[in-house]
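An overview of the molecular structure
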Amino acid sequence: MTSLGAAAAAAANKAGSVAVAAAPAMKTRITTMLGCEYPLLLPGMSWISKPELVAAVSNAGGAGILATGPLNERETRASIRRIRELLEPGRTFGVGATLLMPGARENASVALEERVPLINVSLGRADDIADAAHSYGGKILATVTNARHARSAIESGADALLATGHEAAAHGGDATSLVLVPALASRFPDVPLVAAGGFADGRGLSAALALGADGVAMGTRFATTIESTLARSVKEAVADPSVDGGSTEADTVYGRNFDGIPARVMNTPAAVRLNASPASFPVVAYRAFRAAGEMGMPLWKVLPGLLTQWDKMYIVAQFGAATKSLKAATIDGDLEKDGVQFVGQCQGLIGDIPSVDDLVQEIMMTAEKVSRENALAFGNAVQTIE
């Protein structure tokens, strides 16, 4: 399923007295499908996966995905064109669409009009989007959290799956990556698979490949880079490796009361408070109307949904209400009072704030080193048995 290139030359010091050799390109079904050098994806994260970070990841050899949740159609088109201005020749990128949310299909239509190479869809069937993307050679990457979701996505025309494990920031599923990834790889062996949830370094990439994945998506890790627009104070909090007062793998909160969908966030006062209990019907209705007003959606479109599609509108309303808390952390850096930050358990693996290019090179060189060491260990075991 994968093949590593020749061994990379030893990395030199950053002063530039000796040239630093780039990690060799890696061939998997994902790199082949997307036309990128490395099987590393930046998932779409609202207010973080913006054109500059998307382009930085793609130019470093991976594939960045634009988050369109906070964008209207005009902003989505402008962002796509800005990414193309920043991309080096031959690089690729994608656009995300959370189909349950208002405006998502309109933004997906813009991406299709702009002939974006990759559309990452989630929380909804994307048959029409897949047909339109395939008409110009585009690909569909469907985010899933279990085998039923995966089967439905494939039936809807998905070209590849992004398996989001329980460890992930935001909306991971019930199954951990350690089980979910090999389970989907076994059930759907002909479909390229990207693993997400718990991956932040080269050891994780090597492990994901061993589990049957063709690549990894690293949200929290790429969010904690120089090019990311995540608030500096949040980056520093994630990158603080101290056991007492820092961000360890255990310093997250997981629940469905915050934004209506089971989600993992950083352990902050607001996160604990907002996850304590579900909102009542009057509160949710108020939030739905307020969110609709902010998005310019007529209220007559909201009321029928509240009455006839309560489960879906509850999620939309909760997510709309969560926006204020998310922006307080992600943009303003407030982790003490009102801010809530989506973050994965892999924050316990992060201890610095590098540039995207340096991070990608470190991940790929570490992955090759670990993979070769593991292969040698098995070789020695065979010799011992013989």
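Structure shown above.
Quick summary incoming for the structure in this document. (Residues numbered from 1 in each chain as written. Predicted model: local features only at pLDDT ≥ 70, side-chain atom pairs only at ≥ 80, totals over all residues. Heavy atoms only, no water.)

**Things to note about the overall build of the protein**
Within the protein, the secondary structure is distributed over 15 helices and ten strands. Considering only residue pairs separated by 6 or more positions, the protein has 61% of its internal contacts joining residues 24 or more positions apart. As presented, the protein carries roughly 17500 Å² of accessible surface, and 55% of it is formed by carbon and sulfur atoms. (Helix = DSSP H or I, 4+ residues; strand = E, 2+ residues; numbered from the N terminus. Contact = heavy atoms within 4.5 Å. Areas by Shrake-Rupley, 256 points an atom, 1.4 Å probe, with all protein chains shown as cover.)

**Quick look at the pairing of strand β6 (residues 160–164)**
Both faces of the sheet carry side chains from a regular strand, because those side chains alternate between them. Summarising burial for β6: five of the five residues are buried, a large majority. Along β6, one buried face is formed by Ala 160, Leu 162 and Thr 164 and the opposite face, lined by Leu 161 and Ala 163, is buried too. As paired elements, strand β5 (residues 139–144) and β6 share four bridges and run parallel to each other. Looking at β6, one finds that Ala 142 is bridged to Leu 161. Following the backbone out of β5, through helix α6 (residues 147–155) and into the adjacent parallel β6, one traces a crossover that is right-handed. Sheet analysis places β6 next to strand β7 (residues 193–196), joined by four bridges and oriented parallel. Its bridge partner lying in β7, Thr 164 is registered against Ala 196. Following the backbone out of β6, through helix α7 (residues 177–187) and into the adjacent parallel β7, one traces a crossover that is right-handed. (Buried < 20%, exposed > 50% of the residue type's maximum accessible area, 1.4 Å probe, protein only. Pairing = 2+ DSSP bridges. Right-handed = clockwise from strand over helix to strand, strands pointing away.)

**Re the environment of Val 144**
The topology assignment puts Val 144 in strand β5. For Val 144, a relative accessible area of 2% gives the class buried. Taking the C-alpha atoms as reference points, Val 144 and Gly 173, 29 residues apart in sequence, are found 8.2 Å from one another. For Val 144, the residues in contact, after removing those within four places along its chain, are His 149, Ala 150, Ala 153, Leu 161, Leu 162, Ala 163, Thr 164 and Leu 184.

**Considerations on the sheet that holds strand β3 (residues 93–98)**
Strands sit in the order β1-β2-β3-β4-β5-β6-β7-β8 around a closed barrel of eight strands; the barrel is parallel. Geometrically, the sheet is characterised by an average inter-axis angle of 25 degrees between neighbouring strands, direction not taken into account. Sheet strands in contact with α6 are β5 and β6, and its direction is about 160 degrees off that of β5. (Axes fitted to C-alpha atoms, helices over the stretch in contact; angles between N-to-C directions.)

**Let's talk about the nonpolar core**
By size, the foremost hydrophobic cluster in this structure holds 78 residues, and its most contacted members are Leu 40, Ile 119, Ile 129, Leu 161 and Phe 222. Of the residues forming this core, the biggest block, seven residues, is contributed by helix α15 (residues 356–385). Filtering out sequence-adjacent residues up to four positions away, Phe 222 remains in contact with Leu 40, Leu 41, Leu 42, Leu 53, Val 57, Ser 228, Val 356, Leu 359 and Val 360. (Core = buried A, V, L, I, M, F, W, Y, C linked by side-chain atoms within 4.5 Å.)

**Overview of the packing of helix α2 (residues 51–59) against helix α3 (residues 73–86)**
The geometry of α2 relative to α3 is characterised by a closest axis approach of 9 Å and an angle of 40 degrees between their N-to-C directions. It follows from the interaxial angle that α2 and α3 lie oblique. At the point where α2 passes α3, the crossing takes the right-handed sense. Contact residues: Pro 51, Glu 52, Val 54, Ala 55 and Asn 59 in α2; Ser 79, Arg 82, Ile 83 and Leu 86 in α3. Each residue belonging to the contact of α2 with α3 can be placed in one class, and the counts come to five nonpolar, two polar and two charged. (Parallel < 35°, antiparallel > 145°, perpendicular 65-115°, else oblique. Left-handed = near helix turned anticlockwise from the far one by under 90°. Nonpolar A, V, L, I, M, F, W, Y, C, P; charged D, E, K, R; others polar.)

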